[in-house]
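So the chains spell out like this:
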Amino acid sequence: MLAMLLRRLFLGLVTVWIVSMIIFAGVEMLPGDSCTAFLEREAQGKLLENCREAQGLNRPAAERYFDWATSAARGDLGISANGEKSIAELVGDRLGNSLLLAACSLALGVPLAIFLGVVTGLWRDRPVDLAVSTLAIFAMTIPEFVSATVLILIFSVWLGWLPGIVLTSASAPASEFFPEIILPVLVLTMVMTAHILRMVRSSVIEVMVGDYIQMATLKGVPYWRIVFRHALPNALLPAINVVALTIAWLLGGVVVIEVVFNYPGLGRMMIDAISDRDLPVVQAIALIVATVYVCVNLSADILTMFANPRLRTLHMRRG
Amino acid sequence: MTVTSAPPQNTRLMRTLSVLRDVVSRPSGAIGLFLVVFHVVLALVSPWIVPYDYKAMNSAMMLTGPEATHWLGTDHLGRDVFTRVLLGGREALLVTGIATPIAVTWGGFVGILFGLIGGRIDEVLMRVVDAFLSLPWILKMLVLIVTFGTGVEVLIPTLAFFYGIPVIRIARAATHDVVARDFVSAARARGHSRMTIIRHELLPNVLDTLMVEGAMRWSWMLLAFSSLSFLGFGVSPPTPDWGLMIADARGFMSFAPWGVLGPVIALSSLIIGINLTADALAKALGIDRAQKAPV
Amino acid sequence: MTGPLIDIRDISVGFTGKSGATLPVLRNIDLKVNAGESIGIVGESGSGKSTLALAAMGYLKRGLRLMEGSVAFQGQDMFARTRTELEQIRGGELALIPQNSGQSLTPTLRIGAQLVEALRLHADVPEAQYSAKAIELLGQVRLPDPAAIMTRFPHELSGGQQQRAAIAMALAGEPTALLLDEPTTGLDVTTQAHILELLRDIARDRGMAMVYVSHDLGAIARVCDRVVVMYAGEVVLEGSTRQVLKTPIHPYARGLLASIPRLSDPRLPVALDGRPPAPGGAGQGCSFVDRCALAQDGCRTSRPDLERLPSGEAVRCFHYQEAHQLSLTGSGAIPASLDGASPSALHLDDLAISYRRPGLFDKVLGRDSAGVPTVNGIEITVAKGETLGLVGESGSGKSTILKAIAGLLPPSGGKITVAGGQALAPEVEHRSPDHLRKIQLIFQNPDDSLNPRQTIAQILEQPLKLYFGLTGDALHQRSADILDRVRLGAHYLDRLPSQLSGGEKQRVAIARAFAAEPDLVLCDEVTSALDVSVQAAVLDLLNDLKATQGTTYVFVSHDLAVVRALSDRVAVLYQGRLCELGPSADVYAMPSHPYTEVLLGAVLEPDPDTAPTLSADDVVELSPPAQGCPFQRRCPRKIGRICDTDTPPWQHGTQGHAIKCHHSIADLATAQAEGAAGQRA
């Protein structure tokens, strides 16, 4: 068991390490560097040389990667190309805001998705299922910026109930984002709920036709007891990993949502940094997002390992 | 006895036909397929049927509402919205239509190959795939686009490359299921080469999964493409594109909402159509698409 | 209560087919089970026997529906009861023991929790005593250390233990009737025999009625008073166990019995050709008409009724009086045999195979991962044209050895040499084309060994193209010829495996192996996935091919009677080690090694007059002991410390018969004779 945990942890670290190389190599391969971007048209001759000298861009790539990676591991993400400001400082608030957005959507979306998934799975092919499943397809497939636009049109332009754009500054405390955060959370929740509920539904259906459910029925176990004691623990277990992957994937969608709602999160900062060619910031954000992704998956793995007796004892025996 | 009394002439064709029939017999498949075919046909013929020139501006008629001459009104530059909606999917369909098969082919091949080989190399490859997947698609796309521009010649290889990576994962998992089966062991024991095993034993059995996967990649690619346009990193004006049109019209949404609704409906119907078709196809082929993460 | 306990009247069950028509799975079934009576329901796959058993509980699988008739338990209609009433009865008065308990126990709940749940729902026990009662029940099903079992999850138990836990759960509600749906299928021979004895004892002690569903006539013979034979959703014969198994009066029952290989009979069993009609596929006449030797024109046009005879039997056949003309036992061919000393076709020299390979983490943590090899010290020579049977229970390493010979699993030690003394490369990738062609492997399950996406033609073309470079017409002609050799017509070439029956698929797999014109064919449980009547046909085919092609077989099976039918010599394996090796006739007539004795003693014959002898417990061992005799922990004739520490030597008997034991063959023969005498006394 411990060996298994260590193994997962090790693989996660390896992934982050590979990501850091990909990020570094990717940025390295791009034409231009942070000096050409900062100096813009004056990027030539002596000025460019000096800038590169100052930022240490003249050293070999391997050396610079090593420096960057080791200081990043210590939490020092370097300084941005233009502002001479510490990236860690710049990113701090933004990351917090993005996590706030994600946490609200998760808190709302996951329970809702599990509930709807179980309901549609148990009443499969009935009107409830057809209605919810059709809605899920819509929610899942329509691009975030489209649903965001439509929601703004309805709730903020026509009905005037909610603010359609976030005006709070990045460093404001979390409580000040209400009610501006409601629409972005709603959009993110919609997509997430749709994805997860489909997985839960199909997992419930698969489990409910299983041999042990038939056996429980023929043992005289009442229906709802079968559902809660025999079926759900087994149906939800495999969903954990897939849910984690889905959540991680949705991080990409967060970027668009942040832009649409002018939400001061990491995503919008990333778009700005890319437009400005502020490569150190892009590198830092990429590394942070990748680490979050790896962590989400890792926690799902560990959670499954603890919750699933089959895995638990298997590893205990081995380890 | 009756079950086997009618030997089919061409088994593969028969199967394709029966799958197609199954897809169409489902309401979701019928609607989905109709939407997809409708959009593709429209993209092919729209240049000849549009009522106006898509870039003809008219400063006298800016942001007018729907009327007899302009069915969906005009935009902030006085261009006919209906014309632009009809044309707005061409670039997206062209780029994704080419990039999807490339992505599925290369990702599928690599996934099958490494699924068959297994061992250490496979482990390393999966870490690299994981690493790529841990970066949000939008970041990967944007970095390349900002550097190399937004031309078709940049978008197609970029989308094909990045969207092939998750296909590796899917193809590898499907291959693992097949490799464990005895007919692959039988082929190995006979002494067939790796390529023969891939072509004859693995590919035919992984193909179903890859087809469904292809449909899903297509829809996500479209989503990415229009998201990029929406953010201003995709198609450059004045070329009409739904994502771009929505972005432009958003500013005038409070008094001219029709400018948003046209492209919103067009884009949504295409993506929903693809997904409905993919769902029906997956069901017809006996694959549970819902149990897979979108990654 | 006066009436029967379970009273099934004229029920028909069906489902809606793709065409929209209703296809029957059960047709007009009548069945009465009296209190304390034990009834066996026999039939091949698809005969509807499990559906019938579940219908007795008022339960139908999803998609099935009751078309007509009624099912009464204790006089009340099961299909008319409310959900709450059904929940009361199921698991209470009427309990089920399922087919694969491994999948029928909820994986996320501990055995204790599942047992207590059954007690809470059905038992008349105060809550405080639940766990004491549960432990008592686990003890009653003879599970060692019941308190420990309580805390286990289902996957932590062996197949036999899972089955016992399921039995304990069924007993929790003190049932008056027990339904058993293939309760021992998939278990090892010795485990099966132990479970059946347990069920017999329990049913007798508690006066329970049993409905025992099985395809295995041996198991039925052991536990049932009465037998119902089902075919294509109908009852075709009903009678006492003795009547049905000794003097069956339905042609199908006779064919079925004749197709079962017997330990006592060296002849091949007789195959029952054809296959049962699919649901809805039976015409107006008798459903067995296409396969019946007694069929006449009248059988095609009208369907016989189930006729009740004064003898207590019931039969659905117009010509049952003529059924006795049909042979009942193996009048099949005498297996082809080698004469004199032939050159060696295969030699295994001190073969050892380890499944585990040291991983990165094992190395880091400094674990000794090689451990005790799964298979060790295998030394066998197979003569040209000879058939060597490899028998053993699950985990005996018999299939592993075949994989090593085929090159799919490189051995960790020892050598494999073929005719001419050439050593084979361990990995298939490094073998010469000639060696590859000469050794062919046939797998257990044709559903898994035939690519579902290839037509039969494509499947057969693979070896023909690879080994002989055939193309075009020659290729097609050759494929057709090969199909003909396995008694399938050329019109099968265009079909997909899914359009063939199980037996036909296995023929294609055999055809594919023989297309290579091999010297040595490795058969890995090739009949285990097939129904008995089909199995006989496959055995017959393999025997024919051996006679005409002079092929050498290594034939692996867990079914001792099947091995008996085909093998010249037999090797008995336990935990990856050889126990006994010798001519089949000698080994079966005089099993010497204590393990062989236990194994053969546990075999159930479809004959109510025989009984298995259970001389060792059925504990499943997960890994072989590091030293000494592999059978040391279960051996009923263990000598002492020497068995734990020293690897037993070969003890030789006559005609190449040898065992690996610290006893000599003569000593063991004496001990067996004394044991038999002791039992008689």
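Residues numbered from 1 in each chain as written. Chains lettered and ligands numbered in written order. Predicted model: local features only at pLDDT ≥ 70, side-chain atom pairs only at ≥ 80, totals over all residues. Heavy atoms only, no water.

**As for the overall build of chain B**
No. 1: Looking only at helices and strands, chain B features 11 helices and 0 strands.
No. 2: In chain B, the succession of helices and strands from N to C terminus is α-α-α-α-α-α-α-α-α-α-α.
No. 3: With the principal axes as the frame, chain B shows a C-alpha extent of 80 × 50 × 30 Å.
No. 4: Within chain B, the proportion of its 295 residues that are buried is 59%.
No. 5: Here the analysis covers contacts within chain B between residues at least 6 apart in sequence; of these, 70% occur between residues at least 24 apart.
No. 6: Side-chain charges in chain B split into 23 positive and 19 negative, and the spacing between the mean points of these groups amounts to 8 Å. (Helix = DSSP H or I, 4+ residues; strand = E, 2+ residues; numbered from the N terminus. Buried < 20%, exposed > 50% of the residue type's maximum accessible area, 1.4 Å probe, protein only. Contact = heavy atoms within 4.5 Å. Lys, Arg positive; Asp, Glu negative; His and termini not counted. Charge placed at Lys NZ, Arg CZ, Asp CG, Glu CD.)

**Examining the overall build of chain A**
No. 1: Scanning chain A from N- to C-terminus turns up 13 helices and 0 strands.
No. 2: The N-to-C order of helical and strand elements in chain A reads α-α-α-α-α-α-α-α-α-α-α-α-α.
No. 3: Long-range pairs, those at least 24 residues apart, make up 70% of the contacts in chain A between residues at least 6 apart in sequence.
No. 4: For chain A, the computed accessible surface area is about 14000 Å², with 67% contributed by carbon and sulfur atoms. (Areas by Shrake-Rupley, 256 points an atom, 1.4 Å probe, with all protein chains shown as cover.)

**Looking at the nonpolar core**
The tendency in soluble globular proteins is for nonpolar side chains to be buried as a group.
No. 1: Ranked by size, the top nonpolar core spans 166 residues in total, and within it Phe-261 of chain A together with Tyr-163 of chain B carry the most contacts.
No. 2: Sequence-distant contacts of Phe-261 of chain A, defined by excluding residues within four places in its chain, comprise Ala-148, Ile-152, Gly-164, Ile-165, Val-166, Leu-183, Pro-184 and Val-187 of chain A.
No. 3: The next biggest cluster of nonpolar side chains, apart from the first, holds 74 residues, and it includes Val-42, Ala-118, Val-227 and Cys-286 of chain C. (Core = buried A, V, L, I, M, F, W, Y, C linked by side-chain atoms within 4.5 Å.)

**A short note on the UniProt feature "transmembrane region" (unreviewed entry) in chain A**
Residue and element names in this part refer to chain A.
No. 1: Under the local residue numbering, the UniProt record ascribes the feature "transmembrane region" (unreviewed entry) to residues 9–27, 99–123, 135–161, 181–200, 235–261 and 281–307.
No. 2: As a span, residues 135–161 carries 81% helix and 0% strand, and end to end its C-alpha atoms are 23 Å apart.
No. 3: Secondary structure across residues 181–200 comprises 95% helix and 0% strand; the distance between its end C-alpha atoms is 27 Å. (UniProt positions renumbered as here; feature names shortened; annotations may be inferred.)

**What to know about the pattern of salt bridges**
It is possible for side chains bearing opposite charge to pair when their charged atoms get close.
Residue and element names in this part refer to chain C.
No. 1: Enumeration according to the criterion identifies 47 salt bridges over all chains in this entry.
No. 2: The closest approach of N and O atoms between Glu-386 and Arg-569, which form a salt bridge, is 2.7 Å. In this pair, Glu-386 is assigned in the loop between strand E14 (375–383) and strand E15 (387–391) and Arg-569 in strand E21 (residues 569–574), connecting sequence segments 183 residues apart. Of the two residues, Glu-386 and Arg-569, neither departs from the other in class, the shared state being buried.
No. 3: Notably, a salt bridge pairs Asp-540 with Arg-487, separated by 3.5 Å at the nearest N-O pair. With Asp-540 in helix H20 (residues 532–549) and Arg-487 in the loop between helix H18 (472–485) and helix H19 (502–515), this pair connects stretches of sequence that are 53 residues apart. (Salt bridge = Lys/Arg side-chain N within 4 Å of Asp/Glu carboxyl O.)

**A word on the sheet that holds strand E16 (residues 413–418) of chain C**
All names here are of chain C.
No. 1: Here 4 strands make up an open sheet; going across it, the order is E14-E13-E16-E17 and the pairing antiparallel. Unpaired on one side and paired on the other, E14 and strand E17 (422–423) mark the two borders of the sheet.
No. 2: As paired strands, strand E13 (residues 344–353) and E16 are joined by 5 bridges and run antiparallel to one another. Residue pairing across strands places Asp-349 opposite Lys-415, the latter belonging to E16.
No. 3: The sheet contacts of helix H14 (residues 398–406) involve E13, E14 and E16, and relative to E13 the element is tilted by about 115 degrees. (Pairing = 2+ DSSP bridges. Axes fitted to C-alpha atoms, helices over the stretch in contact; angles between N-to-C directions.)

**Side note on the UniProt feature "transmembrane region" (unreviewed entry) in chain B**
Residues and elements named next belong to chain B.
No. 1: Look at the UniProt record and you will see "transmembrane region" (unreviewed entry) annotated at residues 30–52, 92–117, 137–163, 218–235 and 255–276.
No. 2: The span residues 30–52 is 87% helical and 0% strand by assignment, and the distance between its end C-alpha atoms comes to 32 Å.
No. 3: Helix and strand shares over residues 218–235 are 78% and 0% respectively, and the end C-alpha atoms of the span are 18 Å apart.

**A few points about the interface of chain B and chain A**
No. 1: Contacts between the two partners involve 50 residues from chain B and, on the opposite side, 52 residues from chain A.
No. 2: Taking both sides of the interface into account, the surface hidden between chain B and chain A amounts to around 4500 Å²; carbon and sulfur atoms contribute 77%.
No. 3: At the boundary of chain B with chain A, the tally comes to 1 salt bridge.
No. 4: Mapped by element, the contributors of at least two residues to the side of chain B that touches chain A are helix H5 (119–133), helix H6 (137–148), helix H9 (194–231), helix H10 (242–250) and helix H11 (258–285) of chain B.
No. 5: No other element matches the 10 residues that H11 of chain B contributes to the side of chain B that touches chain A.
No. 6: The residue inventory of the side of chain B that touches chain A, partitioned by class, reads 32 nonpolar, 9 polar and 9 charged. (Buried area = accessible area lost by both parts, 1.4 Å probe. Nonpolar A, V, L, I, M, F, W, Y, C, P; charged D, E, K, R; others polar.)

**Some details on the interface of chain B and chain C**
You'll often see interface size given as the accessible area lost when the parts meet.
No. 1: Taken residue by residue, the interface counts 24 residues in chain B and 31 residues in chain C.
No. 2: Summed over both sides, the interface between chain B and chain C buries roughly 2800 Å², with carbon and sulfur atoms accounting for 49% of that surface.
No. 3: Remark: the boundary between chain B and chain C carries 3 salt bridges.
No. 4: A salt bridge links Arg-453 of chain C to Asp-208 of chain B; the nearest nitrogen and oxygen atoms lie 2.7 Å apart.
No. 5: The tally of links between chain B and chain C comes to 14 residue pairs in polar contact (both at pLDDT 80 or more).
No. 6: Within the residue set of the side of chain B that touches chain C, elements represented by two or more residues are helix H1 (11–25), helix H8 (182–190) and H9 of chain B.
No. 7: Looking at the side of chain B that touches chain C element by element, the count peaks at 7 residues for H8 of chain B.
No. 8: Residues of the side of chain B that touches chain C, tallied by class, amount to 8 nonpolar, 7 polar and 9 charged. (Polar contact = N/O pair within 3.5 Å; in protein donor to acceptor, adjacent residues only side chain to side chain.)

**As for a nonpolar patch on the surface**
No. 1: A contiguous nonpolar patch, built from Val-37, Val-40, Val-41, Leu-44, Val-45, Trp-48 and Ile-49 of chain B and spanning about 680 Å² of accessible area, is present on the exposed surface.
No. 2: Summarising the element assignment, Ile-49 of chain B is placed in helix H2 (residues 27–49). (Patch = residues over 30% accessible without salt bridge, like charges linked within 9 Å, V, L, I, M, F, W, Y side chains within 5 Å.)

**A look at unusual backbone geometry**
Residue and element names in this part refer to chain C.
No. 1: Even without being glycine, Gln-74 reaches a positive phi, approximately 50 degrees.
No. 2: As for its position among the elements, Gln-74 is in the loop between strand E4 (65–73) and strand E5 (76–77).
No. 3: Backbone geometry places Gln-575, a non-glycine residue, at a positive phi of 50 degrees.
No. 4: When you line up the elements, Gln-575 lands in the loop between E21 and strand E22 (577–583).
No. 5: Classification of Gln-575 as buried rests on a relative accessible area of 8%.

**Brief notes about the packing of aromatic side chains**
No. 1: Applying the stated criterion across every chain, the model contains 19 aromatic pairs over all chains.
No. 2: Ring geometry for Phe-145 of chain A versus Phe-230 of chain B: centroids 4.4 Å apart, planes at 25 degrees, classification stacked. Here Phe-145 of chain A is found in helix H7 (residues 144–158), whereas its partner Phe-230 of chain B is found in helix H9 on a different chain. Judged on exposure class, the residue Phe-145 of chain A and its partner Phe-230 of chain B are both buried.
No. 3: Measuring from ring centre to ring centre gives 6.0 Å for Phe-34 of chain B and Phe-38 of chain B, while their planes differ by 25 degrees; the resulting arrangement is stacked. (Phe/Tyr/Trp six-rings, centres within 6.5 Å; stacked < 30°, edge-to-face > 60°.)

**Comments concerning the state of the cysteines**
Covalently bonding the sulfur atom of one cysteine to the sulfur atom of another cysteine gives a disulfide.
Residue and element names in this part refer to chain C.
No. 1: Tallied over the entire structure, the rule returns 0 disulfides over all chains.
No. 2: No disulfide involves Cys-292; its nearest neighbouring cysteine sulfur is the one of Cys-317, lying 5.9 Å away.
No. 3: Under the relative-accessibility criterion, Cys-292 is labelled buried at 18%.
No. 4: Free cysteine: Cys-579, not disulfide-bonded; nearest cysteine sulfur from Cys-629 at 6.5 Å.
No. 5: Classification of Cys-579 as buried rests on a relative accessible area of 1%. (Disulfide = S-S within 2.5 Å.)

**Thoughts on the environment of Gly-97 of chain B**
No. 1: Within the secondary structure, Gly-97 of chain B sits in helix H4 (residues 90–117).
No. 2: Along the chain, Gly-97 of chain B and Pro-47 of chain B lie 50 residues apart, while their C-alpha atoms are 18 Å from each other.

**Brief notes about the side chain of Asn-97 of chain A**
No. 1: Within the fold, Asn-97 of chain A resides in helix H5 (residues 87–122).
No. 2: For Asn-97 of chain A, a relative accessible area of 6% puts it in the buried group.

**Let's talk about H10 of chain B**
No. 1: Restricting attention to buried positions, one finds in H10 of chain B the residues Trp-242, Gly-243, Leu-244, Met-245, Ile-246 and Ala-249 of chain B.
No. 2: If you follow the buried residues of H10 of chain B, they end up packed against H7 of chain A together with H2, helix H3 (81–87), H9 and H11 of chain B.
No. 3: The N-terminus of H10 of chain B is capped by Asp-241 of chain B, whose side-chain oxygen sits 3.0 Å from the backbone nitrogen of Gly-243 of chain B.

**A look at the packing of H7 of chain A against H11 of chain B**
No. 1: Where H7 of chain A contacts H11 of chain B, the axes come no closer than 11 Å and their chain directions differ by 140 degrees. Considering how the two elements wind past one another, H7 of chain A and H11 of chain B form a crossing that is left-handed. On H11 of chain B, the residues that touch Phe-145, Val-146, Thr-149, Val-150 and Leu-153 of chain A of H7 of chain A are Val-260, Leu-261, Val-264, Leu-267 and Ser-268 of chain B.
No. 2: The class makeup of the residues in the contact of H7 of chain A with H11 of chain B is 8 nonpolar, 2 polar and no charged. (Left-handed = near helix turned anticlockwise from the far one by under 90°.)

**Topic: the sheet that holds strand E18 (residues 439–442) of chain C**
Residue and element names in this part refer to chain C.
No. 1: Sheet architecture is open: 8 strands sit in the order E18-E19-E20-E15-E21-E22-E24-E23, paired in mixed fashion. Every other strand in the sheet has two partners, leaving E18 and strand E23 (650–652) as the edge strands with one partner each. The mean inter-strand angle of the sheet, taken between neighbouring strand axes irrespective of direction, is 15 degrees.
No. 2: Here 6 bridges tie E21 to E22, and the two strands are oriented antiparallel to one another.

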